[in-house]
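Analysis of the macromolecular model
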Amino acid sequence: MEKKAAPLRTCVSCREISVKRGLIRLVRTPAGNVEVDETGKKAGRGAYLCRRYECWQEALKKERLGKALRVRLQEADREALKAYADEFLKPEPGEKAS
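The paragraphs below set out a description of the structure included in this document. (Residues numbered from 1 in each chain as written. Predicted model: local features only at pLDDT ≥ 70, side-chain atom pairs only at ≥ 80, totals over all residues. Heavy atoms only, no water.)

Remarks on the pairing of strand β4 (residues 34-37)
Two strands pair when backbone bridges link them, and strand β3 (residues 24-28) and β4 are joined in this way by four bridges, in the antiparallel orientation. The partner of Arg25 across the bridge, within β4, is Asp37. (Pairing = 2+ DSSP bridges. Helix = DSSP H or I, 4+ residues; strand = E, 2+ residues; numbered from the N terminus.)

Examining the nonpolar core
Leu26, Val36, Leu49, Trp56, Leu65 and Leu81 are the most contacted members of the largest nonpolar core, which has 23 residues in total. Counting residues per element, the ones that place at least two in this core are β3, β4, β5 (45-49), α1 (53-61), α2 (64-69) and α3 (75-88). Considering each element in turn, this core owes the most residues, five residues, to α1. (Core = buried A, V, L, I, M, F, W, Y, C linked by side-chain atoms within 4.5 Å. Buried < 20%, exposed > 50% of the residue type's maximum accessible area, 1.4 Å probe, protein only.)

A word on the sheet that holds β4
In space, the three strands of this open sheet follow the order β4-β3-β5, with antiparallel pairing throughout. Of all strands in the sheet, those bounded by a partner on one side alone are β4 and β5. Neighbouring strand axes in the sheet, compared pairwise and without regard to direction, differ in orientation by 35° on average. Pairing of β3 with β5 involves five bridges; the strand directions are antiparallel. Counterpart to Arg28 in the pairing with β5 is Arg45. Here α1 sits on the sheet in contact with β3, β4 and β5, set at roughly 135° to β5. Across the sheet, α3 lies against β3 and β4, angled at about 30° from β4, the strand it touches most. (Axes fitted to C-alpha atoms, helices over the stretch in contact; angles between N-to-C directions. Contact = heavy atoms within 4.5 Å.)

Re a nonpolar patch on the surface
A cluster of nonpolar side chains, namely Leu8, Ile17 and Val19, defines an oily patch on the protein surface of about 290 Å² accessible area. Of note, Val19 is situated in strand β2 (residues 17-19). Among the residues examined, Val19 registers a relative accessible area of 38% and is labelled partly exposed. (Patch = residues over 30% accessible without salt bridge, like charges linked within 9 Å, V, L, I, M, F, W, Y side chains within 5 Å. Areas by Shrake-Rupley, 256 points an atom, 1.4 Å probe, with all protein chains shown as cover. Salt bridge = Lys/Arg side-chain N within 4 Å of Asp/Glu carboxyl O.)

Description of the packing of α1 against α3
For the pair α1 and α3, interaxial distance at closest approach is 10 Å and the crossing angle is 170°. If you check the angle between α1 and α3, you find them roughly antiparallel. As α1 packs across α3, the resulting crossing turns out to be left-handed. Seen from α1, the contacting residues are Tyr53, Trp56 and Leu60; seen from α3, they are Arg78, Leu81, Lys82, Tyr84, Ala85 and Asp86. Looking at the contact of α1 with α3 residue by residue, the class counts come to six nonpolar, no polar and three charged. (Parallel < 35°, antiparallel > 145°, perpendicular 65-115°, else oblique. Left-handed = near helix turned anticlockwise from the far one by under 90°. Nonpolar A, V, L, I, M, F, W, Y, C, P; charged D, E, K, R; others polar.)

What follows is the structure, encoded as structure tokens:
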């Protein structure tokens, strides 16, 4: 019996293609909020980001995340996503945290 190929997704920031489980899914909920989807199963439009701090910073700064999710990010959502990146993702050496 052949093993199924792992699904691939693209980081909306750096555009690298990677295994779905290696990326972090963000979702625009039916209410219009943007949040991290730890399970990968929440209802709503999804987008994926690498586990690299710089990708999160770039996606938020250049509105790539909002464009991928087809929503204008609210300041509260933006702050929550920055806090998530600050807590769970480590900046590369020489890169400063927000």
